[in-house]
Amino acid sequence: MRTIGAVLLACAVASAQSEIRGFPATQVAAQRELESKAHAIPQPANLRAYLEKMSAEPHIAGSSASRAVADYTAGLLRQWGLQVRVEEFEAVLPYPKSRLLHLTAPTKFTARLDETRIAEDRDSGDKDQVATYNSYAASGDVTAPLIYVNYGIPEDYERLKKLGIDPKGKIVIARYGRSWRGTKAKVAQENGALGCLIYSDPRDDGYYLGDVYPKGAYRPPQGVQRGSVMDLTLYTGDPLSPGWASEKGARKLALNEATNLIKIPVLPISYGDAQPLLAALDGPVAPEQWRGALPITYHIGPGPATVHMKVEIESATRPLYNVIATIAGSELPDEWVIYGNHHDAWVNGAQDPGSGASVLLETARTLSELLNTGWKPKRTIKLALWDGEEFGLIGSTEWVEKHEAELKQKTLVYFNTDMTGKLDLGVGGSPSLHVFMREIVRDVLKGETTPFVMGPVGSGSDYTPFLHHSGIASVNAGFGESGGVYHSIYDSFDWYTRFSDKDFTKGRSLAQIMTTGLLRASGAPVAPFEFRQVAIAIRGYMADLSAKSELQLGELHTEATKLHEAADAYEAAYKKALETPSVHTKLNRILLDTERALAPPAGLRGREWYKHQLMTPGAYTGYSAKTLPAIREPSELQRWAEANAGVKDVVAAVSGLRLKLQAATELLSQ
C-alpha cells in the first residue's frame, strides 16, 4: 500500500505538472486543449519542402538571391493569411574581389582557396557561390614569416611570449574554435601581426571525428568556413551606424571611423591548404594541447616558412530585407511577443539558417491554422525573418535600433532560433524565463530524460540586439548539430537530409516548442516571468568570483539575497493575483520592464552599446557569454578598481529589478 505521505507527494507532483506559468488554474485545461491542437499541426514534410526551396541556390545577404528568399517566405506568410511587411535597410556588406595565398619559402606552394565540387552533392557545383573570405577584413598585400598561434586567443599569445616568440611583423595562422573568429583577427592585430589566416583543423571538425563528406558528416580537405570578422563584442549591425538605424538617407560614419572593423587582411582556408604551410614551419614543437590532427609535426615558427597573402575587398553598401509578419492581439495589441530567425546564408545554408527558418515558417503555418479555427492571441505576435545575420546580425540590429523606443514600451519576450539539428535540445537566455521554458520543454518533449538546463547567452545570433542592447527578455533554442560543413558550400540540402535531422522529427519538435512558447506568452493573463531563478543565477555567476579577495562583493551578495526575498514575496502574491483579473493590466506593465532594469542606459564601461549587466558576449570570446561582465572581465585582467566599480554597476541593476518586484508585490497586496 502507498503511504499517505506518498499519496500527498504524488498529488503535489501532479499539481506541479499541470501548472502553466502565467495562467490561473481555471484556464489551464482550455490552454492545454489549444496546445494539443497546435502540436498536431506541424509536419516534417513541410519542413523538408521549405528547406529544399530556401537552400536551392546560394543567397548571401545583399544579393538578388537573398531578396528572392525573402520574397518566397513573405509569399508563404501572405498565403497563410498573415499581415506581412518587408522592411528594407542597407549596410556596408563587403564582398571579395580577389584573394591570393602563396608559400614563398622554403618551397613554393599556391593555395587553392576554393572548395571542390562533390558529385554526390547537387549544390556543390552551383553558380554564384561566394568565394571563401572573411567579411570586414581589410584589403592588404603582405609578405612575412609565418607563425602558428593555436586558436589565436589571448592565452595563446601569452604562451608565445613565454617561448620568446614575437608575432609582430608576422603573418599568423590560427585554427577555428574556442572563440568568435573576429576575436582571432582582433588579437592578431593587437599583437602586431601583419595578416591572419584561419583554418579548420581536422581535429576540430574533420576526419579526426568521423568520415568526411560525402561518406560522412565531417569537413572534407577543401572545406572552408567563411564568416565575418567584425568585432561584434563592441556593437552589432551596420558598422557605419552604431546605435541608429541604417536606412537610405541616414547619417553614416566614414569607413575609417568604425571602431569594430579589422585593419589587417584575414583569410579563411581549408586544412588542405593549411597543411603545406604548417609543414614548412620550424622552431619549437607546439605544446601538446596545440597539436591538431594533420599528419605533420606541429611547429610554431617563425621560419623558414614565408607567406605572401593578398586580399582585395569591395566594401559597398547593399540592401537588406527583413520579413515581418504580424498577428494582431485581440485584447492587448500593444503588448508584443516576437519570434525571429534569419534567412540569409553564406552559400546555400541548409543547416545555417535554413533548418531554423523552416521551423519558423511551420510555426507560422500552425498559428494560421489556429486562426482559421477562431483562435486569436491576446497579445500581438510578430514573426521575423532577418537578413544580414551572417555579416554581424545586421538586419535584426537595424530593425531594433529603428523601433527601439516602441520595442522597449511593448515587447514582453523575444524568441530566437537559428540552425537546428539532430542532437539534444539547447536553451539559453534570460533567467526570468527559466521556469517558463522548463514547463514548455516538459510538456512538448514528454518522456525526455535529459535534465533541463538554461544557461546564459553570448552572441552569434539575432537575440543579441534584443537582450543585450535593449533589455528585452529573450530565449534562444535549437537542437544541437554535429558535422563539419558550417559556412561551406557543403552546407546543403543533400548534406542535411543525409547526416542531420533527416526525417525532420527534431524540427517538428522545435516548431511545437516555439508554437507553445508563442501561445503561452501571447495568451497568459499574467506575464510568465519567475524571478527566484534570477537570484539563483546571480549567486551562481558570483561563485567563482567570490574567491578573489580583491573584489568587494559584499554589497552584491546582500542585494542578491534581497532580490531572492523579493522574488519569494512576489511569488506568493502572484499565485493570488492569477485569480484577480482587475490587477493584470497594471501588473503586466511593471513586469514588462523588469528585464530593462538589468540593462540600464549607460551600458558596460568601454562597451556602451551592450547594456545587460548579467550576461554579454565576452570581449575575447564573442560566441560564449561572460556573466557579470562588468566585474568578471576587468578582474580577469587584474584591474581591481575597474572591477569593483563594476560591482557598483551590477548592484544598481539588481536593485532596480528588486524595486520593480517590490512594486509589483505592493500592487498585488492592495
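To be clear, the structure that these remarks concern was listed above.
Everything quoted here is computed from the prediction, not taken from an experiment.

## Details of the overall build of the chain
Thinking step 1. Helix and strand counts for the chain come out as 21 helices and 17 strands.
Thinking step 2. A globule of 670 residues ought to have a C-alpha radius of gyration of about 26 Å, and the chain, at 25 Å, matches this closely.
Thinking step 3. Across its three principal directions, the C-alpha atoms of the chain cover 80 × 65 × 60 Å.
Thinking step 4. The buried share of the chain, taken over its 670 residues, is 61%.
Thinking step 5. A separation of at least 24 residues holds for 81% of the contacts in the chain among residues at least 6 apart in sequence.

## A few points about helix H20 (residues 629–636)
Thinking step 1. Summarising burial for H20: seven of the eight residues are buried, a large majority.
Thinking step 2. Restricting attention to buried positions, one finds in H20 the residues Pro629, Ala630, Ile631, Arg632, Glu633, Pro634 and Ser635.
Thinking step 3. On its buried face, H20 sits against helix H16 (532–542), helix H17 (554–577), strand S16 (615–617), strand S17 (625–627) and helix H21 (640–669).
Thinking step 4. Gln638, located one to two residues past H20, shows a positive phi value of around 60°.

## Quick word on the side chain of Thr73
Thinking step 1. Position of Thr73 relative to the elements: it lies in helix H4 (residues 64–79).
Thinking step 2. Residue Thr73 is classed as buried on the basis of its relative accessible area, which comes to 0%.
Thinking step 3. In contact with Thr73, not counting residues within four places along its chain, are Met54, Val323, Leu361 and Leu385.

## Describing the side chain of Arg181
Thinking step 1. By the element assignment, Arg181 lies in helix H6 (residues 181–190).
Thinking step 2. Here Arg181 occupies a buried position and makes no salt bridge, while the nearest side chain of opposite charge, Glu390, is found at 6.1 Å.
Thinking step 3. Within polar-contact distance, the side chain of Arg181 engages the side chain of Gln225 at 3.0 Å.
Thinking step 4. In this structure, Arg181 is in contact with Asn134, Tyr176, Ile198, Gln225, Arg226, Gly227, Ser228, Val229, Tyr486, His487 and Tyr623, ignoring residues within four places of it in sequence.

## Re the packing of helix H2 (residues 25–39) against helix H15 (residues 505–523)
Thinking step 1. The N-to-C vectors of H2 and H15 enclose an angle of 150°; their axes lie 10 Å apart at closest approach. Judged by the inter-axis angle, H2 sits roughly antiparallel to H15. The chirality of how H2 crosses H15 is right-handed. Here H2 contributes Gln31, Arg32, Leu34, Glu35, Ala38 and His39 to the contact with H15, which in turn contributes Arg508, Gln512, Thr515, Thr516, Leu519 and Arg520.
Thinking step 2. Among the residues making up the contact of H2 with H15, the classes are represented as three nonpolar, five polar and four charged.

## Details of the pairing of strand S1 (residues 83–105)
Thinking step 1. Bridge analysis of S1 against strand S9 (residues 306–327) gives 21 bridges, and the strand direction is antiparallel. The residue of S9 that forms the bridge with Gln83 is Thr326.
Thinking step 2. Taking the residues between adjacent antiparallel strands as the criterion, S1 and strand S2 (residues 109–110) are bridged by three residues.

## Observations regarding unusual backbone geometry
Thinking step 1. The step from Tyr213 to Pro214 runs through a cis peptide bond, and the omega angle for that step is 15°.
Thinking step 2. Relative to the helices and strands, Pro214 resides in the loop between helix H7 (202–205) and strand S7 (227–228).
Thinking step 3. With an omega dihedral of 15°, the bond running from Asp352 to Pro353 counts as a cis peptide bond.
Thinking step 4. Residue Leu113 is not a glycine yet carries a positive backbone phi of 60°.
Thinking step 5. Of note, the phi angle at Tyr136 is positive, near 70°, even though the residue is not glycine.
Thinking step 6. As for its position among the elements, Tyr136 is in the loop between strand S3 (134–135) and strand S4 (140–148).

Quick notes on the rules
Residues numbered from 1 in each chain as written. Predicted model: local features only at pLDDT ≥ 70, side-chain atom pairs only at ≥ 80, totals over all residues. Heavy atoms only, no water. Helix = DSSP H or I, 4+ residues; strand = E, 2+ residues; numbered from the N terminus. Rg over C-alpha atoms; globule rule 2.2 N^0.38 Å. Buried < 20%, exposed > 50% of the residue type's maximum accessible area, 1.4 Å probe, protein only. Contact = heavy atoms within 4.5 Å. Lys, Arg positive; Asp, Glu negative; His and termini not counted. Salt bridge = Lys/Arg side-chain N within 4 Å of Asp/Glu carboxyl O. Polar contact = N/O pair within 3.5 Å; in protein donor to acceptor, adjacent residues only side chain to side chain. Axes fitted to C-alpha atoms, helices over the stretch in contact; angles between N-to-C directions. Parallel < 35°, antiparallel > 145°, perpendicular 65-115°, else oblique. Left-handed = near helix turned anticlockwise from the far one by under 90°. Nonpolar A, V, L, I, M, F, W, Y, C, P; charged D, E, K, R; others polar. Pairing = 2+ DSSP bridges.

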